[in-house]
Amino acid sequence: MIVDDEPRHRRGMAGMLLASRPGCEVFTAGDGAKALEMAGIDRPEVIFTDIRMPQMDGLTFLRRANEALPYKPRIVMLSAYNLFEYAQEALRQGAFDYLLKPVDVDKLEEVLERLEHIYREEREARARTIALEQQMTAASLAHQGRLMQQWLSGSLSLEEEQSWLSAGVVDGPGVVIVSELEPASGDGSVSATEHSDRGMSSGFHSPSPDTYTEPRSNSLTANRLHRALERACSSFGKALTIVWDAADWTRPRWVTILQTGTSFGEKREDIRRGLMSLQAELTAVGYSGRWVHAIGEECVDLAKGGPQSYRTALAALPYLFYDQHGAILSHGELLPVHPVLMCSAAELLDLLNAGDTKGAKELCRTAVTVMSADGMAEPQSVKDQTCLLLLKLADSKSGWGMNPLTEEAVRQIRTCRRFAELLEILDSVLEQMGVTLKEQKKSKRELVIDSCLELMRERYMEDLSLESVAESFRFNPSYFSTLFKEATGRSFSDVLIEIRMRKAEELLRDGSGLKVYEIAERCGFRDTKYFSRSFKKHVGVTPEAYRHWAGQQKSGEGRSR
């Protein structure tokens, strides 16, 4: 800013400044009063002011500027009089320098360079101060985060815990929220796993790798997500959010201690909506994964119940595997049940052998969906039982060439993140199994064995023997026995027992009220005690116990409906 009552001097000084520093912005004022008003608005860093002016002279302006302006500009005094007392008074009042009119270009350049040097040093000093403050804040937050993590995990010493709690970070009612960023499910690819003995590719759907890939957009960073989560939670009380394991970015996890100040129940729906809104932040930057949140049980006093709330949030987190829970689940909404898979490998094999791949997929989907108990069954147990079913199916018949296909399906089921993905994997593997079996059945020996199995399923109640069945197909019993075992992986008697046991299970479940000895006779057993021993060996419980269990299952389904 140039302050001078002579317009010619103002224009000349402005021209010199712009010629020396073309990028600068120059303001002008005709007297000290006007300059004081403008400086409060435009905030020039440097002010050149004449000393002798009407209304408010330069020295008065200097004094008033030091008193009234909300910032401290550097002020250079200008005067046509080489009077020592003027210069002395100006410097005493805080002027940066004193230049004589007409202003010499070299002198002006020297003043400008000194000013620039001072401002540069001040900016660098401010930057160092800010960086130091940020480092100290980060160190403090990191230390606080480590203490919080150790406290929630129960690894703080008594003295450390008392110190942590005395800081007042956790106080009053609230909850602990565990949040994770799930990678998106990819479009999948076709596995080229070759069956060396058959020369066939699996054609099996393969989901994307189990890793989180940060989008290329610079806007999506750990810090941004951290701030967004803490900001969302802070709308409902005092929130402290930490990254649980900053070294592991394959599946980012945050833990938030939220002090609600009132009953959590009063804010439950608002908190759910606030957490749901975070998904929009991911979508806005092109990330198609999910941000999931598990809310622990409510604490009347976080200082005492915080770790328990954290543990219950962790317990609820895996259940977000089920789509019906959406992306947010409170521990209090869970009613865990033990999953039971009402489907056997033999049943699936029968359908696949009969060419009914669609029926096999429907049976398996239905059984696994029922086992999920509407999202209340422990997800890992559901995965384990599903994998076991596939492994039994692959092992139920030698020579299938199914092991590589099944092993890949099992690997994907164990790492899949959503229940819908699990069902898709089952559909894919059963479809390919059906294709493989259909091709294998072109073999004459397979057709013979299929006919034999069909005969056994139709006449299981008769006194069947290997010899009689072999004779009906005009085979030598010894050769037929070998052929049967190679084709099915089991002996004739084992398969016959399996068929009879499945029929016995059906009769015990259907509520017909038949006596055990009547069921034994209908299933081809002449000795009831031998039937009971065989049933317990095959199923694991006695016929009476199985009937009782089946009745309870039906009763439970009726109540749920």
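Every chain begins its residue count from 1, and numbering advances along the sequence as written. Only residues with pLDDT of at least 70 get local features here, since the model is predicted, and only at 80 or more are side-chain atom pairs given and counted; chain-wide, interface and lining totals rely on the full set of residues. No hydrogens and no water enter the side-chain calculation; it runs on all heavy atoms of the structure.

**Topic: the overall build of the chain**
Phase 1: Assigned secondary structure in the chain consists of 22 helices and 14 strands.
Phase 2: Here's how the labels work: a residue is buried when its accessible area is under 20% of the maximum for its type, exposed when over 50%, partly exposed in between, all with a 1.4 Å probe on protein chains only. Among the 561 residues that make up the chain, the fraction classed as buried is 44%.
Phase 3: Should any heavy atoms of two residues lie within 4.5 Å, those residues are counted as being in contact. Sequence-distant contacts in the chain: of pairs separated by 6 or more residues, those separated by 24 or more amount to 67%.
Phase 4: In these tables, accessible area is a Shrake-Rupley quantity obtained with a 1.4 Å probe, and a residue counts as shielded only by the protein chains included in the view. Accessible surface, the chain: about 29,200 Å² in total, of which carbon and sulfur atoms supply 51%. Only DSSP runs of H or I with at least four residues qualify as helices, and only runs of E with at least two residues qualify as strands; both kinds are numbered from the N terminus onward.

**Considering the environment of Lys-267**
Phase 1: Note on placement: Lys-267 falls in helix H8 (residues 264-276).
Phase 2: Along the primary structure Lys-267 and Phe-236 are separated by 31 residues, whereas in three dimensions their C-alpha atoms are 7.4 Å apart.
Phase 3: Beyond its immediate stretch of four places on either side in the chain, Lys-267 contacts Phe-236, Thr-260 and Thr-262.

**Quick notes on the side chain of His-293**
Phase 1: Checked against the element boundaries, His-293 lands in strand E13 (residues 290-295).
Phase 2: Within the structure, His-293 has its side chain in polar contact with the side chain of Ser-179 (distance 2.8 Å).
Phase 3: The residues contacting His-293, other than those within four sequence positions of it, are Ile-177, Val-178, Ser-179, Leu-229, Leu-275, Leu-278, Leu-320, Ala-327, Ile-328 and Leu-329. Throughout this description, a polar contact denotes any pair of N or O atoms lying within 3.5 Å of each other; where both atoms belong to protein, one of them has to be capable of donating a hydrogen while the other can accept it, and for residues adjacent in sequence the pair is counted only when both atoms sit in side chains.

**So, the nonpolar core**
Most often, soluble globular proteins keep nonpolar side chains buried together rather than apart.
Phase 1: To define a nonpolar core, start from buried Ala, Val, Leu, Ile, Met, Phe, Trp, Tyr and Cys residues and group those joined through side-chain atoms within 4.5 Å. One finds Val-255 and Val-368 to be the most contacted residues of the largest nonpolar core, which totals 61 residues.
Phase 2: Sort the elements by how many residues they give to this core and helix H15 (residues 419-440) lands first, with nine residues.
Phase 3: If sequence neighbours within four positions are ignored, Val-368 has contacts with Leu-341, Val-382, Thr-386, Phe-419, Leu-422, Leu-423 and Leu-426.
Phase 4: In terms of nonpolar packing, the next biggest core, distinct from the first, is built from 25 residues, Ala-29, Ala-65, Leu-69 and Ala-87 among them.

**A word on the sheet that holds strand E2 (residues 28-29)**
Phase 1: Strand pairing follows a simple DSSP-based rule, namely that at least 2 bridges must link the two strands. Read from one edge of the open sheet, five strands run E2-E1-E3-E4-E5, paired in parallel fashion. Two strands bound the open sheet, and with one partner strand each, they are E2 and strand E5 (97-100).
Phase 2: Examined bridge by bridge, strand E1 (residues 2-3) and strand E3 (residues 46-50) share two bridges and lie parallel to one another. Pairing of Ile-2 across the sheet is with Phe-48, part of E3.

**A look at the environment of Gly-274**
Phase 1: If you trace the backbone, Gly-274 turns up in helix H8.
Phase 2: Look at Gly-274 and you get buried, because its relative accessible area is 12%.
Phase 3: Remark: the alpha-carbon pair of Gly-274 and Phe-236, spanning 38 residues in sequence, is separated by 8.9 Å.
Phase 4: In contact with Gly-274, other than residues within four places in its own chain, are Ala-232 and Phe-236.

**Some words on the pattern of salt bridges**
Phase 1: By definition, a salt bridge exists where a carboxyl oxygen of Asp or Glu is found within 4 Å of a side-chain nitrogen of Lys or Arg. Per the stated rule, a full pass over the model turns up 23 salt bridges.
Phase 2: The residue Glu-122 makes a salt bridge to Arg-74 at a minimum N-O spacing of 2.5 Å. Of this pair, Glu-122 sits in helix H5 (residues 105-153) while Arg-74 is found in strand E4 (residues 74-79), placing the two residues 48 residues apart along the sequence.
Phase 3: The network of salt bridges with common partners includes Asp-350, Glu-454, Arg-457, Glu-498 and Arg-502.

**Details of the layout of surface pockets**
Phase 1: Throughout, the protein atoms alone are placed on a 1 Å grid, and a set of points is a cavity if a 1.4 Å probe fits but cannot get out or a pocket if it is open with protein on both sides within 12 Å along at least five of seven lines; lining residues have an atom within 4 Å of a point. Grid points are joined across faces, edges and corners, and a volume is the space filled by probe spheres set on the points. Its volume calculated, the largest pocket comes out at about 960 Å³.
Phase 2: Taken together, 26 residues line the largest pocket, and the ones lying closest to its centre are Leu-341, Cys-343, Ser-344, Ala-345 and Glu-505.
Phase 3: Counting only elements with at least two residues in the lining of the largest pocket, the list comes to helix H11 (345-353), helix H13 (379-395), helix H19 (492-509), helix H21 (528-539) and helix H22 (543-560).
Phase 4: Amino acid classes used here: Ala, Val, Leu, Ile, Met, Phe, Trp, Tyr, Cys and Pro are nonpolar; Asp, Glu, Lys and Arg are charged; the rest, including Gly, are polar. Of the residues assigned to the lining of the largest pocket, the class counts are 13 nonpolar, four polar and nine charged.

**Examining the packing of H11 against helix H12 (residues 357-371)**
Phase 1: Running from N to C, H11 and H12 point in directions that differ by 160°, and their axes come no closer than 7 Å. Here H11 is positioned roughly antiparallel relative to H12, judged by the angle of their axes. Along this stretch, H11 crosses H12, giving a crossing that reads as right-handed. Listed contacts from H12 to Glu-347, Leu-348, Leu-351 and Leu-352 of H11 are Thr-357, Gly-359, Ala-360, Leu-363 and Cys-364.
Phase 2: Class assignment for the residues of the contact of H11 with H12 results in six nonpolar, two polar and one charged. Comment: axis = line fitted to C-alpha atoms, over the contacting stretch for helices; angle = value between 0 and 180 degrees taken between N-to-C directions. Any angle that falls under 35 degrees is termed roughly parallel, while one over 145 is termed roughly antiparallel, one within 65 to 115 roughly perpendicular, and all others oblique. Each crossing is labelled by how the near helix is turned from the far one, with a counterclockwise turn of less than a right angle marking it left-handed and a clockwise turn marking it right-handed.

**Quick look at helix H18 (residues 477-488)**
Phase 1: For a helix, the expected span equals 1.5 Å multiplied by the residue count minus one. Helix length check: H18, at 12 residues, gives a terminal C-alpha distance of 16 Å against a target of 16 Å (1.5 Å per residue), a fit within 8%.
Phase 2: All buried positions along H18 are accounted for by Phe-480, Leu-483, Phe-484, Ala-487 and Thr-488. The buried residues of H18 all sit within an arc of 110° when viewed along its axis, so they share a single face.
Phase 3: Between a side-chain oxygen at the N-terminus of H18 and the backbone nitrogen of Ser-478 the separation is 2.8 Å; the capping residue is Asn-476.
Phase 4: Gly-489 lies just past H18 and shows a positive phi near 80°. It is the directions from the helix axis to the C-beta atoms that the arc portrays.

**Things to note about the confidence of the model for the chain**
Phase 1: In the predicted model, the chain carries a mean pLDDT of 82, and 85% of its residues have values of at least 70.
Phase 2: Between residues 186-220, whose pLDDT stays under 50, and residues either more than four places distant or in other chains, the model counts 75 contacts. A residue's pLDDT is simply how confident the predictor is in it, with values from 0 to 100.

**Description of the packing of aromatic side chains**
Phase 1: We call Phe, Tyr and Trp rings a pair once their centres come within 6.5 Å, taking the six-membered ring for Trp, and we label the pair stacked below 30 degrees between planes, edge-to-face above 60, and tilted otherwise. What the rule picks out here adds up to 14 aromatic pairs.
Phase 2: Ring geometry for Phe-475 against Tyr-479: centres 5.8 Å apart, planes inclined by 25°, an arrangement best described as stacked.
Phase 3: For Tyr-479, a relative accessible area of 43% translates into the label partly exposed.
Phase 4: Relative to Tyr-546, the ring of Phe-535 has its centre 5.7 Å away and its plane inclined at 75°; by these criteria the two rings are edge-to-face. In this pair, Phe-535 sits in helix H21 while Tyr-546 sits in helix H22, placing the two residues 11 residues apart along the sequence. Comparing Phe-535 with Tyr-546 shows no difference in burial state: the two are buried.
Phase 5: One aromatic cluster is present, formed by Phe-525, Tyr-530, Phe-531, Phe-535, Tyr-546 and Trp-549 through successive ring pairs.
Phase 6: Geometrically, a charge over a ring is one whose NZ (Lys) or CZ (Arg) sits within 6 Å of the ring centre while staying within 35 degrees of the ring normal. A cation over a ring is seen here: Arg-74 above Tyr-119, with NZ or CZ 5.1 Å from the ring centre.

**Description of the environment of Ser-234**
Phase 1: Topologically, Ser-234 is positioned in helix H7 (residues 222-234).
Phase 2: On the accessibility criterion, Ser-234 (37% relative accessible area) is partly exposed.
Phase 3: When the C-alpha atoms of Ser-234 and Leu-258 are compared, they prove to be 7.6 Å apart, with 24 residues separating the residues in sequence.

**Describing unusual backbone geometry**
Phase 1: Put simply, Lys-101 and Pro-102 share a cis peptide bond, and its omega is -15°.
Phase 2: Examined against the element boundaries, Pro-102 turns out to sit in the loop between E5 and H5.
Phase 3: The phi angle at Arg-43 is positive, at roughly 50°, despite the residue not being glycine.
Phase 4: Examined against the element boundaries, Arg-43 turns out to sit in the loop between helix H2 (32-42) and E3.
Phase 5: In this structure, Arg-474 takes a positive phi of about 60° despite not being glycine.
Phase 6: With respect to the helices and strands, the residue Arg-474 is situated in the loop between helix H17 (466-472) and H18.

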